[in-house]
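Structural overview for review
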Amino acid sequence: METESTLSSYHIFNAVAEAGNISKAAKTLYISQPAISRAVSKLEQNLSVKLFIRGSRGVHLTEEGKLLYEHTRTAFDALKKGEENLRRVNALGIGQLRIGVSTTLCKYILMPYLQNFIEQHPHIQVTIRCHSTYETLNLLEEGKIDIGLVGEPNSTHALEFLPVTEIEDVFVATETYLKNLTLREQKENNFPDTVIQKNRRSTTKKVSDASLTAFRNGNLMLLDEKNISRVHIEDYFRKHNIETGQILEVSNMDLLIDFSKIGLGIGCVIKEFVQKELDDHTLVELPLPALIDKRKVGFAYSKTSLQSGAVSKFIEFYHNRETKEADSSCKRK
């Protein structure tokens, strides 16, 4: 017997058992009485038992019918409860949103963004999985997360990418570290004072050459090779024929920033994440022969996966926020 036909037959049987009358069950189900009688008879034939005793005042369950009704009542009560819960979820905005993000982007970009979303949708359960961009993209592909906050991938054919902001990679260090490096190498003329002027950028060849000397002779601190930011910087080095000496690999951006602040070396960090340190001169930015291309960071999700209500609400929240920011920008202008 077909599964659909079995479920339909059980549904009819359950309605008749509850009503105790075929006519009442027909009105409840909006089905004709003959159709109900045929469905019950067919179910009895398939099960090889008598389910009802027909009488002048209606129908009564047999012992076999009572046993079956206990199971159908439990099953349909569970389905009814499920429907009620689903309606409640939709009404209250309850759902689950799984987000993948690196620890750095989570701290500097996702947290303030997510705070406003949760204020508007307090019933949505949010799960955060912290991984590198590469791992986050893999989790998206495998359907293990709903949305990833990532640097814009080279290929987005299977993903929808919603840009949030741009980030700029820079090299920073303490003034003390740069001065000590100069003294150690005894090349003051190759590293003039303009290199370490507080948060000022110079484009002169002499200054940028001094920075390149620091890359060769200093302790250069980069994210590990599994990180998309490292790939971006390595491409920049190759493009501009920049030589590097000793490299210290670090697992996350916060450690890079902290190591740079204690004078351990020259760190490649995101400028937007150290703006405070640049402003108060805790760190200084090294001039480069050419600016590093900025990168977009945004939310990515699968184009082909069926989106849950929670994901749809988050996407709607993103578009509303972008619209408000664009309107505010136009008003300021």
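Preceding this paragraph is the structure being described.
Criteria and cut-off values
Residues numbered from 1 in each chain as written. Predicted model: local features only at pLDDT ≥ 70, side-chain atom pairs only at ≥ 80, totals over all residues. Heavy atoms only, no water. Pairing = 2+ DSSP bridges. Helix = DSSP H or I, 4+ residues; strand = E, 2+ residues; numbered from the N terminus. Axes fitted to C-alpha atoms, helices over the stretch in contact; angles between N-to-C directions. Contact = heavy atoms within 4.5 Å. Buried < 20%, exposed > 50% of the residue type's maximum accessible area, 1.4 Å probe, protein only. Expected span 1.5 Å × (residues − 1). Polar contact = N/O pair within 3.5 Å; in protein donor to acceptor, adjacent residues only side chain to side chain. Core = buried A, V, L, I, M, F, W, Y, C linked by side-chain atoms within 4.5 Å. Phe/Tyr/Trp six-rings, centres within 6.5 Å; stacked < 30°, edge-to-face > 60°. Parallel < 35°, antiparallel > 145°, perpendicular 65-115°, else oblique. Nonpolar A, V, L, I, M, F, W, Y, C, P; charged D, E, K, R; others polar. Salt bridge = Lys/Arg side-chain N within 4 Å of Asp/Glu carboxyl O. Arc of directions from axis to C-beta.

1. Remarks on the sheet that holds strand β4 (residues 124-130)
- The strand order across the open sheet built from 5 strands is β4-β3-β5-β12-β6, with neighbouring strands paired in mixed fashion. Taken across any chain shown, the strands that pair with only one partner, and hence form the sheet edges, are β4 and β6 (159-167). Mean inter-strand twist for the sheet, computed between neighbouring axes without regard to direction, equals 20°.
- Both strand β3 (residues 95-101) and β4 contribute to a ladder of 7 bridges, which runs parallel. Residue pairing for β4: R98 is matched across the bridge by T127.
- Where helix α6 (residues 133-142) meets the sheet, its contacts fall on β3, β4, β5 (147-151), β6 and β12 (295-302), and the angle it forms with β5 comes to roughly 150°.

2. Focus: the environment of E166
- For E166, the location among the structural elements is in strand β6.
- Assessed through its relative accessible area of 39%, E166 is described here as partly exposed.
- C-alpha separation for the pair E166 and K296, spaced 130 residues apart in sequence, amounts to 4.4 Å.

3. So, helix α9 (residues 228-239)
- Given a rise of 1.5 Å per residue, 12 residues ought to cover 16 Å, and the 17 Å separating the end C-alpha atoms of α9 matches this to within 8%.
- Residues I228, S229, R230, H232, I233, Y236 and F237 constitute the buried set of α9.
- Against the buried residues of α9 lie α6, β7 (169-173), β8 (219-223), β9 (246-250), β10 (266-270) and β12.
- A distance of 2.8 Å separates the backbone nitrogen of S229 from a side-chain oxygen at the start of α9, and that oxygen is part of N227.
- Two residues or fewer after α9 comes N241, characterised by a positive phi angle close to 50°.

4. Description of the nonpolar core
- With 38 residues, the main nonpolar core has L97 and F299 as its most contacted residues.
- Considering each element in turn, this core owes the most residues, 7 residues, to helix α5 (residues 103-120).
- A173, L178, I266 and L286 belong to the second largest nonpolar core, which has 20 residues in total.

5. Examining the packing of aromatic side chains
- A complete count under the given rule lists 14 aromatic pairs for this structure.
- A centroid spacing of 4.6 Å and a plane angle of 55° characterise the contact between F171 and F215, whose relative ring orientation is tilted. Taken as a pair, F171 in strand β7 and F215 in helix α8 (residues 205-217) lie far apart in primary sequence, 44 residues in all.
- According to the relative accessible area criterion, F171 is buried, its value standing at 0%.

6. Some details on the packing of α5 against helix α10 (residues 253-261)
- Interhelical geometry of α5 versus α10 gives an angle of 85° and a closest axis separation of 7 Å. The orientation of α5 relative to α10 falls into the category roughly perpendicular. Each of T104, K107 and Y108 in α5 lies in contact with α10, whose residues at this interface are M253, D254 and I257.
- Partitioning the contact of α5 with α10 into residue classes produces 3 nonpolar, 1 polar and 2 charged.

7. Describing the pattern of salt bridges
- Inspection of the entire model under this criterion finds 14 salt bridges.
- Here R230 ties to E225 by a salt bridge, and the two come within 3.8 Å at their closest N and O atoms.
- For R230, a relative accessible area of 5% translates into the label buried.
- Taken together, the shared-partner salt bridges connect E225, R230, E234 and E249 into one network.

8. A short note on unusual backbone geometry
- In the Ramachandran plot, Y30 falls in the positive-phi region, its phi being about 60° despite a non-glycine side chain.
- Within the secondary structure layout, Y30 lies in the loop between α2 (22-29) and α3 (33-47).
- A positive phi angle is found at N241, which is not glycine, with a value near 50°.
- Relative to the assigned elements, N241 resides in the loop between α9 and β9.
- What makes N241 exposed here is its relative accessible area of 68%.

9. Section: the pairing of strand β2 (residues 58-61)
- Relative to β2, strand β1 (residues 52-55) runs antiparallel, the two sharing 4 bridges. In the sheet register, F52 faces β2, and the bridge partner there is L61.
- Hairpin connection of β1 to β2: 2 residues between the antiparallel strands.

10. Here we look at α10
- Residues M253, L256, I257 and S260 constitute the buried set of α10. Along the axis of α10, the buried residues cluster in a sector spanning 95°; they form a single face.
- Buried residues along α10 sit against α5, β7, β8, β9 and β10.
- Where α10 begins, one side-chain oxygen reaches toward the backbone nitrogen of D254, 3.1 Å away; that side chain belongs to N252.
- Two residues or fewer after α10 comes G263, characterised by a positive phi angle close to 80°.

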